[in-house]
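Close look at the chain arrangement
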Amino acid sequence: MLTLTWEPITLQLKNVFRIAHGASAQRHNVIVRVEEGVGEAAGVAYHGETPERIIAWLQTVRLAGDPLHLVDLLAQLPQEGSRAGRAAVDMALHDLWGKRLGQPLYRLLGLNPDNAPSTSFTIAMDEPEAMAERAAASGMPIIKIKVGGENDEAMVRAIRRATDARLQVDANGGWSREQAAAIIPRLARYDLQIVEQPLPAGDIEGLRWLRKLNFGVPIFADEAIKTPGDILAHAGAVDGVVIKLAKSGGIRPAVEMIALTRALGMQVMIGCMVETAVAVTAAAHLAPLCDYADLDGPLLIANDPFRGVRYDRARLVLPDRPGLGVTEGE
Ligand code: MG
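Bear in mind that the values here come from a model prediction, so they are computed numbers and not experimental data. (Residues numbered from 1 in each chain as written. Predicted model: local features only at pLDDT ≥ 70, side-chain atom pairs only at ≥ 80, totals over all residues. Heavy atoms only, no water.)

Okay, the sheet that holds strand E3 (residues 37-42) next. One open sheet accounts for three strands, arranged E1-E2-E3; its pairing is antiparallel. The two strands at the open ends of the sheet, each matched to only one other strand, are strand E1 (4-19) and E3. Each adjacent strand pair in this sheet contributes to an overall mean axis angle of 25°, direction not counted. Across twelve bridges, E1 lies against strand E2 (residues 22-34) in antiparallel orientation. In the strand pairing of E2, Leu4 is matched with Val34. (Pairing = 2+ DSSP bridges. Helix = DSSP H or I, 4+ residues; strand = E, 2+ residues; numbered from the N terminus. Axes fitted to C-alpha atoms, helices over the stretch in contact; angles between N-to-C directions.)

For the rest of this paragraph, the subject is the domain arrangement of the protein. Per the domain assignment, the segments of the protein are domain 1 (4-102) and domain 2 (108-328). Each of domain 1 and domain 2 has a C-alpha centre, and the two are 21 Å apart. Contact residues are listed per partner, giving 39 residues for domain 1 and 43 residues for domain 2. The junction of domain 1 with domain 2 conceals about 3,400 Å² of combined surface from both sides, 66% of it contributed by carbon and sulfur atoms. Counting across the interface, domain 1 meets domain 2 through one salt bridge. For the salt bridge of Arg33 with Glu328, the shortest nitrogen-to-oxygen distance reads 3.0 Å. Our enumeration of links across domain 1 and domain 2 arrives at 19 residue pairs in polar contact (both at pLDDT 80 or more). (Domains from an automatic or database assignment. Contact = heavy atoms within 4.5 Å. Buried area = accessible area lost by both parts, 1.4 Å probe. Salt bridge = Lys/Arg side-chain N within 4 Å of Asp/Glu carboxyl O. Polar contact = N/O pair within 3.5 Å; in protein donor to acceptor, adjacent residues only side chain to side chain.)

This part takes up the packing of helix H6 (residues 152-162) against helix H7 (residues 177-188). Taken N-terminus to C-terminus, the directions of H6 and H7 make an angle of 15°; their axes are 10 Å apart at the nearest point. Taken together, the axis directions place H6 and H7 in an arrangement best described as roughly parallel. Crossing of H6 against H7: the hand is right-handed. The residues of H7 that touch H6, namely those facing Asp152, Glu153 and Val156, are Ile183, Arg186 and Leu187. Residue classes in the contact of H6 with H7 are distributed as three nonpolar, no polar and three charged. (Parallel < 35°, antiparallel > 145°, perpendicular 65-115°, else oblique. Left-handed = near helix turned anticlockwise from the far one by under 90°. Nonpolar A, V, L, I, M, F, W, Y, C, P; charged D, E, K, R; others polar.)

With that settled, consider the coordination of the magnesium ion. Here the magnesium ion is held by Asp170 (OD), Glu196 (OE) and Asp222 (OD), and the distances to it run 2.0 to 2.2 Å. Between consecutive donor residues of the magnesium ion, the sequence gaps follow D-x25-E-x25-D. With Glu196 in strand E7 (residues 192-196) and Asp222 in the loop between strand E8 (219-221) and helix H9 (228-234), this residue pair connects regions lying 26 residues apart in the sequence. Using a relative accessible area of 0% as the deciding quantity, one classes Asp222 as buried. (Donors = N, O, S within 2.8 Å, 3.2 Å for Na, K, Ca; no water. Buried < 20%, exposed > 50% of the residue type's maximum accessible area, 1.4 Å probe, protein only.)

Even without being glycine, Glu35 reaches a positive phi, approximately 50°. Mapping Glu35 onto the fold places it in the loop between E2 and E3. Positive phi outside glycine occurs at Asn172, with the angle close to 45°. Here Asn172 shows up in the loop between strand E6 (166-170) and H7. Residue Asn172 is classed as buried on the basis of its relative accessible area, which comes to 7%.

Volume-wise, the largest pocket comes out at about 540 Å³. In this structure, the largest pocket is lined by 30 residues; those nearest its centre are Phe17, Ile19, Arg27, Met273 and Val274. Among the elements of the structure, E1, E2 and strand E5 (142-146) are those that each provide at least two residues to the lining of the largest pocket. Across the lining of the largest pocket, the residue classes tally to eleven nonpolar, eight polar and eleven charged. Both of domain 1 (4-102) and domain 2 (108-328) provide at least three residues apiece to the lining of the largest pocket. Along the wall of the second largest pocket there are 13 residues; nearest its centre are Asn15, Phe121, Thr122, Leu299 and Leu300. Going through the elements one at a time, E1, strand E4 (121-123) and helix H13 (297-300) are the ones with two or more residues in the lining of the second largest pocket. Here the lining of the second largest pocket gets five residues from one element, more than from any other, and that element is E1. In the lining of the second largest pocket, the residues fall into eight nonpolar, two polar and three charged. (1 Å grid on protein atoms, 1.4 Å probe; cavity = no way out; pocket = protein on both sides within 12 Å on 5 of 7 lines; lining within 4 Å. Points joined across faces, edges and corners; volume = space filled by probe spheres on them.)

Moving on to the side chain of Glu196. A residue is classified by how much of its surface remains accessible, and Glu196, at 1% relative accessible area, is buried. Reaching out from Glu196, the side chain makes a polar contact with the side chain of Lys144 at a distance of 2.7 Å. The contact partners of Glu196, leaving out residues within four places of it in the chain, are Lys144, Val169, Asp170, Ala171, Asn172, Phe220, Asp222, Val242 and Met269.

Laid out in structure tokens, this is it:
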């Protein structure tokens, strides 16, 4: 049997993180270890995943076999239950695999780290002037603005005035069809690169309708995309999808979903939850496969105990240590 352990971790956010779903100043994740491999579970609130449920699922996991037989070990994971928990064990198994082979994960996947797209930097909802100050102070060249509230146009206008960064907006499902059709062309005047999840997850026909209105801004689905079947269902309804390890259930399913998205002629953004350098570095190893990256989790956290992917402004610098390449402490 391989040794599987876990410990809850409380993350303090630098700023209150307010999006269309709600607001938080703390997040509760679970760090998972399989032998010397490490992973992280960030419960997806809109999946109803709490740390307690993640741990209850972890208690059902039994892993036996050679760490180099990664596919065999992944096949031992229960298919039902916590996707975030599954993602954490999948990350830890990939980390263990890379450590035993003495190679960084991106190299085992045959990827060139220089092909990783730069990450966006998220500005959560706040007063428009406070958001604009934060955007300007970040100095980041790609800003993702959380919208889907009362003040969307004022927020985007203020940020546009404060920075010449490329702007993306993420409504987190906060608009109705009518609201989206009215606000997107207004926001598009501020030169948007992407509109993410304008409608509630599941309203695929609404997305198809919205896309046909052709506002000149690519529409991406995020919350709606958990499984390969979700990607198939969104083919033609959106321009791209956001893949996150916590939603897909880990690195292996994410690689498969990226390939499927490409095969269907759509673009891919690799995203993260509010997560430490463990989960975000795991995702960063897949960034060279993707068109866009939204991997700013560690930049939003005040007490991240881990070090992994580094940020040269927005450029992702992957660690070249074996496995995920994550270390604990300074
Ligand atoms: Mg999103």
